[in-house]
Amino acid sequence: MAPILLNCMGNERNEYIKYVKNPNLETMEEDILYHLSLSTKTHNLPEMFGDIKFVCVGGSANRMKAFAQFIHKELELSGNPEEITDICEGTDRYCMYKVGPVLSISHGMGVPSISIMLHELIKLLHHAQCQDVVLFRLGTSGGVGLAPGTVVVTEKAVDYSFQPQFEQVVLGKVITRSTELDEEVASELLQCSSELQNIPTVIGNTMCTHDFYEGQGRLDGALCSFSHEDKLEYLRKAYDAGVRNIEMESTVFAAMCRVCGLKAAVVCVTLLNRFEGDQIKSPHDVLVEYQQRPQILVSHFIKKRLGYV
Ligand code: R2B
Ligand code: URA
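Parameters at a glance
- Starting from 1, residues in each chain are numbered consecutively following that chain's sequence as written.
- Numbering of ligands from 1 and lettering of chains from A proceed in the order in which they are written.
- Predicted model: local features are reported for residues with pLDDT of at least 70 only, side-chain atom pairs are reported and counted for 80 or more only, and whole-chain, interface and lining totals are derived from all residues.
- Hydrogens and waters are ignored; side-chain quantities use all the structure's heavy atoms.
- UniProt positions are given in the numbering used here, feature names are shortened, and annotations may be inferred rather than shown by experiment.
- Labels follow the DSSP assignment, with helices taken as runs of H or I lasting at least four residues and strands as runs of E lasting at least two, numbered in each case from the N terminus.
- Note on exposure labels: buried denotes an accessible area under 20% of the residue type's maximum, exposed denotes more than 50%, and partly exposed covers the range between, all computed with a 1.4 Å probe on protein chains only.
- We define a polar contact as two N or O atoms separated by no more than 3.5 Å, with the added condition that, inside protein, one atom must be a possible hydrogen donor and the other a possible acceptor, whereas residues neighbouring each other in sequence contribute only through side-chain atom pairs.
- Contacts are assigned to residue pairs with any non-hydrogen atoms lying within 4.5 Å of each other.
- Near is defined per residue: the residue qualifies when any heavy atom it owns lies within 4 Å of the molecule or strand.
- Under the convention used here, a 1.4 Å probe and the Shrake-Rupley method define accessible areas, while residue burial counts only the protein chains that appear.
- In this classification, Asp, Glu, Lys and Arg are treated as charged, Ala, Val, Leu, Ile, Met, Phe, Trp, Tyr, Cys and Pro as nonpolar, and every other residue, Gly included, as polar.
- By convention in these notes, a salt bridge is any Lys or Arg side-chain nitrogen within 4 Å of a carboxyl oxygen on Asp or Glu.
- In this analysis, strands are considered paired if DSSP registers two or more bridges between them.
- Note on geometry: axes are C-alpha line fits, over the in-contact stretch for helices, and angles between N-to-C directions span 0 to 180 degrees.
- For classification purposes, an angle smaller than 35 degrees is called roughly parallel, one larger than 145 roughly antiparallel, one from 65 to 115 roughly perpendicular, and anything else oblique.
- Handedness of a helix crossing follows the sense of rotation of the near helix relative to the far helix, less than a right angle counterclockwise being left-handed and clockwise being right-handed.

Named according to an unreviewed UniProt entry, the protein chain is Uridine phosphorylase originating from Salarias fasciatus. As its UniProt record puts it under Pathway (unreviewed entry), the protein chain is described as follows: "Pyrimidine metabolism; UMP biosynthesis via salvage pathway; uracil from uridine (phosphorylase route): step 1/1." Taken directly from UniProt, the Function (unreviewed entry) text for the protein chain runs: "Catalyzes the reversible phosphorylytic cleavage of uridine to uracil and ribose-1-phosphate which can then be utilized as carbon and energy sources or in the rescue of pyrimidine bases for nucleotide synthesis. Shows broad substrate specificity and can also accept deoxyuridine and other analogous compounds."

The following block contains the structure:
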């Protein structure tokens, strides 16, 4: 019989959701999460991570450390937030901080980097027997017709052709996976934004590309094979398809979470309006403040879920 578990709200529930979808894992004596520098033999994963309810991922190691320190203060936990340690200090591929029920992890830039981290993170949640976990990607992006500093809560993560799908090559064949995100979490985030000041937020589609320059229609890369008019035409088509921002990880993040039965949301701030240019020209302090906006929004969500506010 399935174990009786308590969910995040303290309710009893019988079903046990298995986040991994790979029977091979059951026959392995040890699972080495190589890029996280953790293993089922050398670490007691249920003890270390069993109480995780919220996982926040983002590209930059410094930003995810800052988020961990911020949520530590917001949750008024004991100990010095300046002294939190990187659980993955045995590797410099990713960093990971645990703050109460919140895990903060960096994923680097682009689909291959985040997808390696997600495989190992989802296995970690499985080995630790975590349940009722919500994942957030907190990121930066280029805005499409939005004022810089606007936060976009992703409705659909779409590919270069504005389709809500992620294509993965497996054994030489293309597998297409849906990138639908959790509607309830997205609308709860939108509600949270209305309760906060100075976090302008919209809901819209997020386009995920495999490149920052030509792949996002930038004219300022080392290569450029199209005109200014071509760029604007593509951005207009994207806008008409509901795209409000462009970044580089959302489709694989959405697809992997969905297949594994994990609720997930993507919350990215826009650093510029791509109709107005390609270079990110805002001063450093302005960019730092923009990047705090998804953190403040998600922290409010977490505090509400935990009954703090
Ligand atoms: C947003 O910002 C990074 C590129 O500058 C990339 O990781 C992304 O998705
Ligand atoms: N990240 C992106 O991927 N694109 C931008 O334009 C800005 C940040």
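A. Here's a closer look at the environment of S194. As for its placement among the helices and strands, S194 is situated in helix α4 (residues 183-194). The class for S194 is exposed, based on a relative accessible area of 54%. For the pair formed by S194 and G139, sequence separation is 55 residues and the distance between their alpha carbons is 20 Å. From its side chain, S194 meets the backbone oxygen of Q191 in a polar contact 2.6 Å long.

B. Representation of the UniProt feature "binding site: substrate" (unreviewed entry) in the protein chain in the model. Under the feature "binding site: substrate" (unreviewed entry), the UniProt entry names Q216 and R218. Tracing the chain through its elements places Q216 in the loop between β12 (201-208) and α5 (228-240). Residues in contact with Q216, not counting those within four places in the same chain, are T209, D211, I246, E247, M248 and R274. Of note is the side chain of Q216, whose polar atom sits 3.2 Å from the side chain of T209. Within the secondary structure layout, R218 lies in the loop between β12 and α5. With residues up to four places along the chain from it excluded, the contact list for R218 reads F212, Y213, C224, F226, L272, R274, D278 and I280. For R218, the side chain forms a polar contact with the side chain of Q216, separated by 2.9 Å.

C. Quick peek at the site of ligand 2. Around ligand 2 lies a shell formed by T140, S141, G142, F212, Q216, R218, I246, E247, M248 and L272. A distance of 2.6 Å separates an oxygen atom of ligand 2 from a polar side-chain atom of R218. In the complex, the protein chains occlude 93% of the 240 Å² of accessible area that ligand 2 would expose alone. Every element with two or more residues in the shell around ligand 2 is listed here: β8 (134-143) and β13 (243-247). In terms of residues, the shell around ligand 2 owes the most to one element, β8, which gives three residues. Of the residues belonging to the shell around ligand 2, the class tally is four nonpolar, four polar and two charged.

D. Molecular detail of the side chain of R274. Of note, R274 is situated in the loop between β14 (263-273) and α7 (284-305). R274 gets classed as buried once you look at its relative accessible area, which sits at 0%. Apart from the residues lying within four places of it in its own chain, the contact partners of R274 are G142, G143, Q216, G217, R218, K231, L235 and I246.

E. Layout of the pattern of salt bridges. Enumeration over the complete set of coordinates arrives at 15 salt bridges. Between K41 and E29 there is a salt bridge, and its shortest N-O distance comes to 3.3 Å. Taken together, the residues span a long stretch of sequence, with K41 in the loop between β4 (38-39) and α1 (45-49) and E29 in the loop between β2 (12-13) and β3 (32-33) at a distance of 12 residues. Each member of the pair, K41 together with E29, is exposed. The salt bridge involving D51 is made with K98; its shortest N-O contact spans 3.0 Å. Within this pair, whereas D51 is found in the loop between α1 and β5 (54-58), its partner K98 is found in strand β6 (residues 96-99), the two being separated by 47 residues in sequence. Judged by its relative accessible area of 26%, K98 falls in the partly exposed class. Among the ionic contacts, a cluster of salt bridges with common partners joins R137, E247 and E249.

F. Looking closely at the site of ligand 1. Near ligand 1, the surroundings consist of M109, R137, T140, F212, E247, M248 and E249. A distance of 3.2 Å is found between an oxygen atom of ligand 1 and a side-chain nitrogen or oxygen belonging to R137. Here M248 contributes a backbone N or O atom positioned 2.8 Å from an oxygen atom of ligand 1. Out of a free accessible area of 270 Å², ligand 1 has 81% covered by protein chains.

G. Quick look at the pairing of β14. Counting buried positions along β14 yields 10 of 11 residues, so the element is predominantly enclosed. Relative to β14, β8 runs parallel, the two being bridged by nine bridges. Looking across to β14, one finds that S141 is bridged to T270. The pairing of strand β9 (residues 151-158) with β14 spans three bridges and is classified as antiparallel. Bridge pairing in β14 links V153 to V267.

H. Layout of the packing of helix α3 (residues 111-127) against helix α6 (residues 250-259). Interaxial distance between α3 and α6 falls to 9 Å at its minimum, and their mutual angle equals 20°. With respect to each other, α3 and α6 are oriented roughly parallel. The two elements α3 and α6 cross, and the hand of that crossing is right-handed. Counted together, V111, I114, S115, L118, H119 and I122 of α3 and V252, F253 and M256 of α6 form the full contact between these two elements. Across the contact of α3 with α6, the residue classes tally to seven nonpolar, two polar and no charged.

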